[in-house]
Amino acid sequence: MKKPIELTDDEFTKLAIAVAGLPFIRPTKWETDYLEDVMHTVLNFHIQEPVVINALNFFQLQVQQQHRINDHYRLKALLAKFPNDKDGNEAAALFLWSNRHWTRIELLRRLLDFFESIGVTDQLSLHAWIKTATFEADFKGKVKGLGIAVWEWLRIRCGIDALKPDVWVINFAKRVVGKRLSEKVLVDTFGRIAPMAGESLSTLDVTIWYYEKMAMATKDCPELRLIAWNLLKAKLEEKLREEVLMSDFNWQFIIDDRHKLRYESAGMSIRPDRSLFGETVPGTTTATIRQSVWTEGLELEMMIRHDTSLPLPLFGQLKETLAEQGWEAANDTHFTASLDFEEDMIMTPAMSYGELAEWVAQVVGVAVKGLRSSRHYD
């Protein structure tokens, strides 16, 4: 057996620093049941996510509801109807999941047999067992084909603070330290790093999953995003004060804290000193340009909002004009118009200042055109 690749002190330090600098997100707590946890355990590794989701949805909506396969013993009885060979397991996979992953049916049979041998047959007994169980003593080698990554995923699903050493965690560590680490080393190492970063293992798990899946380390530069926002504010302020139809307003620009602009849902507000719709429509008008949170792609949206509704003739006119530019307008208790920009706020590290300035000019042009189109004269 090969000795696991260990980390040097310098490599551990690099990994700890990389973890501490992540834009942490909190894991979502979900309600699960025994059979859902069982299915995730045998399906949710080394299979593409859409395939897993489709299989689980099929099982829940088609099999559980129509055939009432809703406990350990009924699932075992169903599997017993299919021969335990490739053809039989493929038929079982088609019946349970609408796919042909017959080897996962083999895993399912083994897992159910193992659970039953230790008295685990429902959610209560599963949670009671796993709270005190360890991988080395209680799971390793007990179910052929299921290793430590699956074990940690099952612990997470049972509400235990853990990290699943899947491909995303493996790739994150490899990118930082320059070599592939074993799943066991990853679990132990992140277990040491989590308290140093002041975060739970579950937080590290979900953050790294998104961060690597979206390639944020290689496709995004948050420092450049800060420059983009400040440049956008300056150019928009300059353009509105130059614009003949808009220069009679006193504009106030408020930009969010730089920490929020790096990865959070944030942006800036643009406020004229009076109603954008003239004296006949009093009230406060505010425009905002905001990015979505990084896990949603930092998508860029602009909204114009007035704190009262507009007269219907005016709203109808504005709605038609703005629709031609891609805006959606509503006028229930107050007027709103929103536009999803084609651009987002993901800034590639290779982007030059000239390219950034050109990008900002495009966004400013769209924003000013929307504000100008919304301007109404009495």
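In what follows, the structure referred to is the one given above.
If you're wondering where the values come from, they're calculated on a predicted model, not measured in any experiment.

## A short note on the packing of aromatic side chains
All chains considered together, the criterion is met by 17 aromatic pairs. On the basis of an interplanar angle of 40 degrees and a centroid distance of 6.0 Å, the ring pair of phenylalanine 114 and phenylalanine 115 is categorised as tilted. Relative to tyrosine 210, the ring of tryptophan 209 lies with its centre 5.0 Å away and its plane at 90 degrees, an arrangement referred to as edge-to-face. The partly exposed category is assigned to tyrosine 210, whose relative accessible area is 29%. Linked through ring pairs, Tyr34, Phe114, Phe115, Trp129, Phe135, Phe139 and Trp151 together constitute an aromatic cluster. Sitting over the ring of phenylalanine 12, arginine 192 keeps its end group 4.0 Å from the ring centre. When the ring centre of phenylalanine 249 is taken as origin, the NZ or CZ atom of arginine 274, which lies over that ring, is 4.2 Å away.

## Regarding the packing of helix 14 (residues 222-242) against helix 17 (residues 353-374)
Closest axis-to-axis distance for the helix 14/helix 17 pair is 9 Å, and the angle between their directions is 45 degrees. By the angle class used here, helix 14 and helix 17 are oblique. The chirality of how helix 14 crosses helix 17 is right-handed. Mapping the contact onto sequence places Leu224, Ile227, Ala228, Leu231, Leu232, Lys235, Leu236, Lys239 and Leu240 in helix 14 and Tyr353, Leu356, Ala357, Trp359, Val360, Val363, Val364, Ala367, Val368 and Leu371 in helix 17. Broken down by class, the residue content of the contact of helix 14 with helix 17 amounts to 17 nonpolar, no polar and 2 charged.

## Quick word on the sheet that holds strand 6 (residues 335-344)
Reading across from one edge, 1-2-3-4-6-5 is the order of the 6 strands in this open sheet, with antiparallel pairing throughout. Unpaired on one side and paired on the other, strand 1 (251-255) and strand 5 (328-331) mark the two borders of the sheet. Going across the sheet, the axis of each strand differs from the next one's by a mean of 15 degrees, ignoring polarity. Of the pairings in the sheet, the one linking strand 2 (residues 266-272) to strand 3 (residues 285-291) comprises 5 bridges and is antiparallel in character. Within strand 3, the position partnered with alanine 266 by the bridge is glutamine 291.

## What to know about the environment of glutamine 66
For glutamine 66, the position within the fold is in helix 3 (residues 49-67). One polar contact links glutamine 66 to glutamine 62, side chain to side chain, over a distance of 2.9 Å.

## Concerning the side chain of arginine 155
Within the element layout of this structure, arginine 155 appears in helix 9 (residues 148-157). Note on arginine 155: relative accessible area 19%, which makes it buried.

## A look at unusual backbone geometry
Backbone geometry at serine 98 places phi at a positive 60 degrees, although glycine is not the residue there. By the secondary structure assignment, serine 98 is in the loop between helix 5 (86-97) and helix 6 (102-117). For serine 98, a relative accessible area of 47% puts it in the partly exposed group. Non-glycine residue alanine 215 carries a positive phi angle of around 55 degrees. Within the fold, alanine 215 resides in the loop between helix 12 (201-213) and helix 13 (216-219).

## Describing the pattern of salt bridges
Counted according to the given criterion, the structure contains 22 salt bridges. Residues aspartate 188 and lysine 184 are paired through a salt bridge, measuring 2.6 Å at the closest nitrogen-oxygen approach. One end of the pair, aspartate 188, and the other, lysine 184, are both in helix 11 (residues 183-197), 4 residues apart, so they sit about a helical turn from each other. Assessed through its relative accessible area of 39%, aspartate 188 is described here as partly exposed. Of the residues examined, lysine 184 reaches a relative accessible area of 36% and is grouped as partly exposed. The closest approach of N and O atoms between arginine 241 and glutamate 237, which form a salt bridge, is 2.6 Å. Separated by 4 residues within a single helix, arginine 241 and glutamate 237 lie in helix 14, roughly one turn from each other. Overlapping salt bridges, with partners in common, bring together Asp248, Asp273, Arg274 and Arg375 in one network.

## Describing the pairing of strand 4 (residues 299-306)
With burial as the criterion, only one face of strand 4 is covered, namely that bearing Leu300, Met302, Ile304 and His306; the residues Glu299, Glu301, Met303 and Arg305 on the opposite face remain uncovered. Of the pairings in the sheet, the one linking strand 3 to strand 4 comprises 7 bridges and is antiparallel in character. When the sheet's bridge partners are listed, isoleucine 289 is paired in strand 4 with methionine 302. Pairing of strand 4 with strand 6, which is carried by 7 bridges, proceeds in the antiparallel orientation.

Calculation notes
Residues numbered from 1 in each chain as written. Predicted model: local features only at pLDDT ≥ 70, side-chain atom pairs only at ≥ 80, totals over all residues. Heavy atoms only, no water. Phe/Tyr/Trp six-rings, centres within 6.5 Å; stacked < 30°, edge-to-face > 60°. Buried < 20%, exposed > 50% of the residue type's maximum accessible area, 1.4 Å probe, protein only. Lys NZ or Arg CZ within 6 Å of the ring centre and 35° of its normal. Axes fitted to C-alpha atoms, helices over the stretch in contact; angles between N-to-C directions. Helix = DSSP H or I, 4+ residues; strand = E, 2+ residues; numbered from the N terminus. Parallel < 35°, antiparallel > 145°, perpendicular 65-115°, else oblique. Left-handed = near helix turned anticlockwise from the far one by under 90°. Contact = heavy atoms within 4.5 Å. Nonpolar A, V, L, I, M, F, W, Y, C, P; charged D, E, K, R; others polar. Pairing = 2+ DSSP bridges. Polar contact = N/O pair within 3.5 Å; in protein donor to acceptor, adjacent residues only side chain to side chain. Salt bridge = Lys/Arg side-chain N within 4 Å of Asp/Glu carboxyl O.

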